[in-house]
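Below are the chains, spelled out letter by letter.
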Amino acid sequence: MYAYDEIDRTLVNERVSEFRDQVKRRLSGELTEDEFKILRLQNGVYLQLHAYMFRVAIPYGTLATNQMRALAHVARKYDRGYGHFTTRQNIQFNWIKLAELPDALEDLAKVGIHAMQTSGNNMRNVTSDQWAGVAPGEIEDPRIWSELIRQHTTLHPEFSFLPRKFKIAITASDHDRAAIKIHDIGLRLIKNEKGETGFEVLVGGGLGRTPFIAKTIKHFVHGRDILSYIEAILRVYNQYGRRDNIYKARIKILVHELGIEKFSREVEDEWQHIRNSSLQLDDEVIEDIRSRFTYPAYEKLPHMPDELRQAAADPDFEAWRKNSVAPHKVQGYSIVTISLKPTGGPPGDATAEQMDALADLADKYSFGEIRVGHEQNLALPHVAKRDLPALWKALDKLGLATPNVNLITDIIACPGLDYCSLANARSIPIAQELTRRFANHELANLIGRLHINISGCINACGHHHVGHIGILGVEKNGEEVYQITIGGRADENAALGTLIGPGVKFDEVADVVEDIVEAYLALRERPEELFMDTVKRLGVEPFKERVYATR
Amino acid sequence: MTSPLEQKKIRIAGPSVVTANRTWDGIVVYRTAAKSWSAELSEAAIVRNSDEAKALLAEAVADDVGAIGPYIAPVQIGDDGKVLPGNLREQIRRTGVTIGQPAQV
Ligand code: HEM
Ligand code: SF4
């Protein structure tokens, strides 16, 4: 866990009283909506179709149980009893009243939660691997660096008024769970030949209207120089960034237009001016942050406890364990992913009761810690293996043990036309239908790892471009139409999907996905060949044929 | 549905209303003929040509304390005179999400 210091707490509290005053002035008419909009966005408040939406940051996806309970409390007291976990380590409340928002913010501030940097053209919350600090083989806990960057960029004037919003993600493992290649800046923590810690820096990734996979701008930046290097990137971006055209103002467009070579030369020049400035990180500063991340007092436990051996006889437990339980860096412990993708449910939603119950389980089985990942699932990061059977039973009672993590029904979907005022089409009901079609977990396991991503408009909040199967809702003559892509991926081999053909209607989407899956099952060379690999080997043609032959 | 937030020119093809979100709680409201806001579509002022639409919208925009983000939305008038939302987006705004909400299922 991370211990906030006094400065953070004061800042958060000041923001709450400032916002309370602003809301009061807005409701009395002293502030117009035009004047107020930027202020509410700075506090995570959007307007959706039916209500305001309130987005709360969960920095690098780490939540303490008292924080989870505070989120449950907000869901219950100020909203309709649930919250929605998003792909950016945020939670959104969909039905919040403006007049009550200051109270909600104040309740959250008591446990150190805030909504800064969740919206607006600023540096957004720095996201990280949800397994940070517990994944085996990780270079170092990436949250240490997320936090250093967060402290430097929070409310820093240069980062508060950017041409557009700006997103950074950090990973420290070979397998990238933070999707760094689709962020404005992606950082991969590595060690150089001398054993020094630093970063491979990637720049210019992003989805939306014009999707790009990030490119490597520098193969190694020493840890102590990372702030100055990021600042150099931001300065070049600020100089060139096109504030005149909202669609072109993202750094990905600039990198694309200048070319990565020219862009990196400019950054390098800028960096030489500032790298030996006060931006250089002292070892003590890094150590101070490092020391604020504490880890549980793990016990010395056997690799294979009796409880686990006995439970292995239960096929239901085994089905869950295979997909939800991952190795931990400490022997005898596991990382448990909690699926927020029940059959027929909206991806990423959790009720206040589930949040509270999960907090209790985390206290009992995970040293009071919960993680939020970009796949809209949660995780318990420190579960003793001997407790897995008991935890599974408890999760199952709560509807939180769907054994589908990383399978076809573990769908990422944006809110779409059911909530979002920018949407062209619905996303959630498509996801719900797909989870019903593939509700048979044996079938889902037979299919293997397959990610479906759904967005309700080109803003791509559901990351459809990088879904193994991507579904994008558009509008044609007043009707919802869906474009299907295949072959995208969001991990270390990130790629954009390819469109398979003309869009299909709302009612046909699930049939089309079934066709694609059937084609894959028929075409794969062996059961271990994943959907991604079959698409890579054969291209989109055979899938296209299968889908459109009868349509 | 192309988002009406991108609505630039005012051109209406049939009966329409002005809709927005109420400022204090964000719920969907409709501009009434009595220069006020109502949560009931049946109480909305119906406009039938661009001039009427422009006038109603201007009046709604001026009431910034009451509701925010006003725009013109199509409606259908049934044989019985009942006013219905003119497209899926407006239907969802009026009747709520098309999916079960977790806390209710
Ligand atoms: C309903 C409220 C939401 C609104 C109004 C909204 C709006 C937007 C807009 C306008 C963009 C494009 C910005 C740009 O390209 O610069 C965007 C991007 C994004 N949104 Fe949302 N969003 C919403 C909900 C969500 C949710 C629920 C998630 C997570 C599941 C999400 C995740 C993202 C991500 C990851 C991007 C970046 C995609 C990229 O790389 O370009 N958003 N959002
Ligand atoms: S992708 Fe479009 S529809 Fe979906 S949440 Fe983002 S802005 Fe809304």
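Preceding this paragraph is the structure being described.
Each residue is numbered by its place in its chain's sequence as written, counting from 1. Chains carry letters and ligands carry numbers; both start at the beginning, A for chains and 1 for ligands, and go up in the order they are written. Per-residue local features are limited, in this predicted model, to residues with pLDDT of at least 70; the limit for side-chain atom pairs, both in listing and counting, is 80 or more; totals at the level of whole chains, interfaces and linings are taken over all residues. As a rule here, side-chain values cover all heavy atoms of the structure and leave hydrogens and water aside.

Draft legend 1. Up close: the packing of aromatic side chains. Residue and element names in this part refer to chain A. Between rings of Phe, Tyr and Trp, where Trp is taken as its six-membered ring, a pair exists when centres lie within 6.5 Å; planes separated by under 30 degrees are stacked, by over 60 edge-to-face, and by other angles tilted. Scanning the model with the defined rule gives 13 aromatic pairs over all chains in all. Pairing Trp95 with Tyr419 gives two aromatic rings, centres 6.0 Å apart and planes at 65°, and the pair type is edge-to-face. Here the residue Trp95 occupies a position in strand S5 (residues 90–96), and Tyr419 occupies one in the loop between strand S16 (412–413) and helix H15 (428–437), the gap between them amounting to 324 residues. Both residues of the pair, Trp95 and Tyr419, count as buried. Judged by centre distance (5.7 Å) and plane angle (70°), the ring pair of Phe531 and Phe543 falls under edge-to-face. With Phe531 in helix H18 (residues 531–538) and Phe543 in helix H19 (residues 541–549), the pair connects residues that are 12 residues apart, well separated along the chain. Only runs of H or I of at least four residues qualify as helices and only runs of E of at least two qualify as strands under DSSP, and these elements are numbered from the N terminus. Only protein chains enter the accessibility calculation, which uses a 1.4 Å probe; a residue whose area is less than 20% of its type maximum is buried, one above 50% is exposed, and one in between is partly exposed.

Draft legend 2. Looking closely at the sheet that holds strand S4 (residues 67–77) of chain B. Residues and elements named next belong to chain B. Taken in spatial order, the five strands of this open sheet run S3-S2-S1-S4-S5, and their pairing is antiparallel. The sheet terminates laterally at strand S3 (37–38) and strand S5 (83–85), the two strands that pair on one side only. Strand pairing follows a simple DSSP-based rule, namely that at least 2 bridges must link the two strands. Pairing geometry for strand S1 (residues 16–22) and S4, over six bridges, is antiparallel. Among the inter-strand pairings, Thr19 is bridged to a residue of S4, identified as Tyr71.

Draft legend 3. Quick peek at the packing of helix H3 (residues 65–78) of chain A against helix H4 (residues 101–109) of chain A. Residue and element names in this part refer to chain A. Orientation of H3 relative to H4, taken along the N-to-C sense of each, is 160°, at an axis distance of 9 Å. On the basis of the axis angle, H3 is roughly antiparallel to H4. Every pair of crossing elements has a handedness; the one defined by H3 and H4 is right-handed. For the pair H3 and H4, contact is made by Ala70, Leu71, His73, Val74 and Tyr78 and by Asp103, Ala104, Asp107 and Leu108, respectively. Three residue categories are used. Nonpolar comprises Ala, Val, Leu, Ile, Met, Phe, Trp, Tyr, Cys and Pro, charged comprises Asp, Glu, Lys and Arg, and polar comprises the others, including Gly. Here the contact of H3 with H4 is composed, by residue class, of six nonpolar, one polar and two charged. What counts as an axis is a line fitted to C-alpha atoms, over the stretch in contact for a helix, and the angles between N-to-C directions run from 0 to 180 degrees. For classification purposes, an angle smaller than 35 degrees is called roughly parallel, one larger than 145 roughly antiparallel, one from 65 to 115 roughly perpendicular, and anything else oblique. Helix crossings are classified by the rotation of the near helix relative to the far one: an anticlockwise turn of less than a right angle makes the crossing left-handed, while a clockwise turn makes it right-handed. Between two residues, a contact is recorded if the distance between any of their heavy atoms is within 4.5 Å.

Draft legend 4. How the structure looks around helix H13 (residues 352–365) of chain A. Residues and elements named next belong to chain A. An expected span of 1.5 Å times one less than the residue number is assigned to each helix. Helix length check: H13, at 14 residues, gives a terminal C-alpha distance of 20 Å against a target of 20 Å (1.5 Å per residue), a fit within 8%. Within H13, the full set of buried residues consists of Ala352, Gln354, Met355, Ala357, Leu358, Ala359, Leu361, Ala362 and Tyr365. Phe367, located one to two residues past H13, shows a positive phi value of around 50°.

Draft legend 5. Spotlight on the interface of chain A and chain B. Each side of the interface is counted separately: chain A has 39 residues, and chain B has 27 residues. Summed over both partners, the accessible area lost on bringing two parts together, with a 1.4 Å probe, is the buried area. Regarding the contact of chain A and chain B, the summed buried area is about 2700 Å², with carbon and sulfur atoms giving 61% of it. Between Asp64(B) and Arg26(A) there is a salt bridge, with its nearest N and O atoms 3.1 Å apart. N or O atoms within 3.5 Å of each other form a polar contact, as long as, within protein, one can give a hydrogen and the other can take it, and as long as residues adjacent in sequence are counted only when both atoms are side-chain atoms. Viewed at the interface, chain B and chain A are joined by 11 residue pairs in polar contact (both at pLDDT 80 or more). At the level of elements, helix H1 (6–27), helix H2 (33–42), S5, strand S13 (349–351), H15 and strand S19 (479–486) of chain A are the ones that each hand at least two residues to the side of chain A that touches chain B. Per element, the largest residue contribution to the side of chain A that touches chain B is three residues, and it comes from H15(A). By convention in these notes, a salt bridge is any Lys or Arg side-chain nitrogen within 4 Å of a carboxyl oxygen on Asp or Glu.

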